[in-house]
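Spelled out from the first residue to the last, the chains are:
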Amino acid sequence: MKVLLIGNGAREHAIAEKLDDCELYSIMSKKNPAIAQLSKEYWICDIENADIVAKTIAGHEFDLGFSSPDATLAAGISDVLGGCGILVASPSRAASRIEWDKSYMRTLLQKYGIKGSPKFEVVKSPADALRLMKEYDQVAIKPLGLTGGKGVKVSGEHFTQTDDGLKYAETLITKDGTALIEEKLVGEEFTLQAFCDGTRIGVMPPIQDHKRAFVGDKGSNTGGMGSYSTGPLLPFLEHSDIESGKKILQGVVSALKKEGTPFHGILYGQFMATAHGIKIVEFNARFGDPEAINALSLLNDSLGNILLSMAEGQLHQPSFSNDSTVVKYLVPQGYPDKPIADSPVTIDSAAIEESGAKIYYASVYDKGGKIMTTSSRSFAILSKATTLEEAEDKAEKGCSLIHGALWHREDIGTNSLVEKRIERMKSLRGQK
Ligand code: AMP
Ligand code: GLY
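Everything quoted here is computed from the prediction, not taken from an experiment.

**Some details on the site of ligand 2**
- Around ligand 2, the structure places Asp209, Tyr268, Asn284, Arg286, Gly288, Asp289, Pro290 and Glu291.
- One of the side-chain nitrogen or oxygen atoms of glutamate 291 is found 2.7 Å away from a nitrogen atom of ligand 2.
- Burial of ligand 2 by the protein chains amounts to 91% of its free accessible area of 200 Å².

And the structure:
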């Protein structure tokens, strides 16, 4: 099967690797040396420009297309692939609106009676923003569109004074004309992703990402510093939490079908387990990064076959290993505030392979045979084992075999951090 993959991060490197029973072609905005190596042919162009992508693939034939990053979906790249007669396993621009328009997302949940939204309102004036900040007391303030997870400011986390929150809402209103004000959700976040064929869903194991930059969940939000999974359940969750999450994901897929915009692709639910049940923070219309790396390492089936079955509306239910996984992102020194770019990195590939960890290339480039950093995340290190402790240990070994001006969060996947989450959830559930 000739598969065209669009995207060039560590997530896409993991997807490309898992398509090893297919003939891979790729389109990237910047050359990812690892994806390039796995591809029979690749093209570099602006992957967020539908016309340019259409011109790039003109005259070529593929059996299946998969566009991965959020901005490509919002730019209608899946529609372009479909227009070229290719079967497509990623959502149309209309279906991916669930991610790129948070007001649409909340309104859709309301319309179809899907539970899990906090109180919210889209405001157009600072006076309305202030009214809601008083009414909800603790809030999350966000733009409606895509921000790579970095556009949200939450009371008590990113600001403490009403004035500072109000200033942020004003900035958004000046820029976009609107701001979304939501009641603050308190609890533990987790990710549930599903393969969707327009009607049915095939859910992947739950995963916990770490958005904050520094050890102990301090610092600003990033694209994600790492993630872990522990089989069909995370240690701070109950089975009923997963069932609630599945019900919400299925509800969205059924709602989008009724809206005439069926969702073929990966639906990603960012959930918060709270004292009052499972709440939905946001949806993504794509694999999570890093969560794709955890989930794909556990997938027992051919990713190519599952993607094809999604595109054809005949989902093959996926099956997963129950192992634990840890992903840690190696990022440039100074990341996220003042990252040092263009710095050389050496990778001890043989030793990494021996350690059992795996390396996925994120934002690095090749200069005369040397791998160089950029200002974004550099590599994701994955490890898998029967226990989380073992997986975390292996991931740390993997990180130690990459040399350069890089750092990573050493606490991700450690027992001490997971214990804190368990205790926090126990205490929240006890407050009911
Ligand atoms: P989003 O871009 O909507 O995924 O938000 C990024 C991060 O902001 C989430 O992962 C949460 O940590 C936080 N966040 C967003 N909305 C809320 C909310 N209503 N309450 C608490 N935290 C939130
Ligand atoms: N891990 C967060 C995201 O992919 O949006």
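What follows continues from the structure just given.
**Section: the site of ligand 1**
- Looking at ligand 1, there are 15 residues lining it, with Lys142, Glu182, Leu185, Glu189 and Glu282 nearest.
- One of the backbone nitrogen or oxygen atoms of leucine 185 is found 2.8 Å away from a nitrogen atom of ligand 1.
- Burial of ligand 1 by the protein amounts to 96% of the accessible area it has alone, namely 470 Å².
- At the level of elements, strand 7 (139-142), strand 9 (179-183) and strand 17 (277-284) are the ones that each hand at least two residues to the shell around ligand 1.
- Among the residues forming the shell around ligand 1, the class breakdown is 6 nonpolar, 1 polar and 8 charged.

**Some details on the sheet that holds strand 19 (residues 344-347)**
- In spatial order, the strands read 21-22-19-24; together these 4 strands make up an open sheet with antiparallel pairing. With one partner strand each, in any of the chains shown, strand 21 (364-367) and strand 24 (402-403) form the two edges of the open sheet.
- Bridging between strand 21 and strand 22 (residues 370-373) involves 4 bridges; their strand directions are antiparallel. Following the sheet pairing, tyrosine 365 is matched in strand 22 by methionine 372.

**Digging into the side chain of arginine 409**
- Inspection of the secondary structure puts arginine 409 in the loop between strand 25 (406-407) and helix 15 (415-430).
- Taking the relative accessible area as the measure of exposure, arginine 409 reaches 0% and is therefore buried.
- For arginine 409, the side chain forms a polar contact with the side chain of aspartate 217, separated by 3.0 Å.
- Look past the residues within four positions of arginine 409 in its chain and what remains in contact with it is His210, Arg212, Ala213, Phe214, Val215, Gly216, Asp217, Met225, Lys328, Glu396 and Leu417.

**Quick word on the side chain of serine 297**
- As for its position among the elements, serine 297 is in helix 11 (residues 291-298).
- The residues contacting serine 297, other than those within four sequence positions of it, are Thr325, Leu382 and Lys384.

**Topic: helix 8 (residues 126-136)**
- Turning to helix 8, its buried residues are Ala129, Leu132, Met133 and Tyr136. Buried residues along helix 8 cover an arc of 105° about the axis, so they all sit on one side. Opposite the packed face of helix 8, turned more than 90 degrees from it, sit the exposed residues Ala127 and Lys134.
- Following helix 8 by one or two positions, aspartate 137 adopts a phi angle in the positive range, close to 70°.

Cut-offs applied
- Residues numbered from 1 in each chain as written.
- Chains lettered and ligands numbered in written order.
- Predicted model: local features only at pLDDT ≥ 70, side-chain atom pairs only at ≥ 80, totals over all residues.
- Heavy atoms only, no water.
- Near = heavy atom within 4 Å.
- Polar contact = N/O pair within 3.5 Å; in protein donor to acceptor, adjacent residues only side chain to side chain.
- Areas by Shrake-Rupley, 256 points an atom, 1.4 Å probe, with all protein chains shown as cover.
- Helix = DSSP H or I, 4+ residues; strand = E, 2+ residues; numbered from the N terminus.
- Nonpolar A, V, L, I, M, F, W, Y, C, P; charged D, E, K, R; others polar.
- Pairing = 2+ DSSP bridges.
- Buried < 20%, exposed > 50% of the residue type's maximum accessible area, 1.4 Å probe, protein only.
- Contact = heavy atoms within 4.5 Å.
- Arc of directions from axis to C-beta.

Geometric values such as these leave the question of function open.
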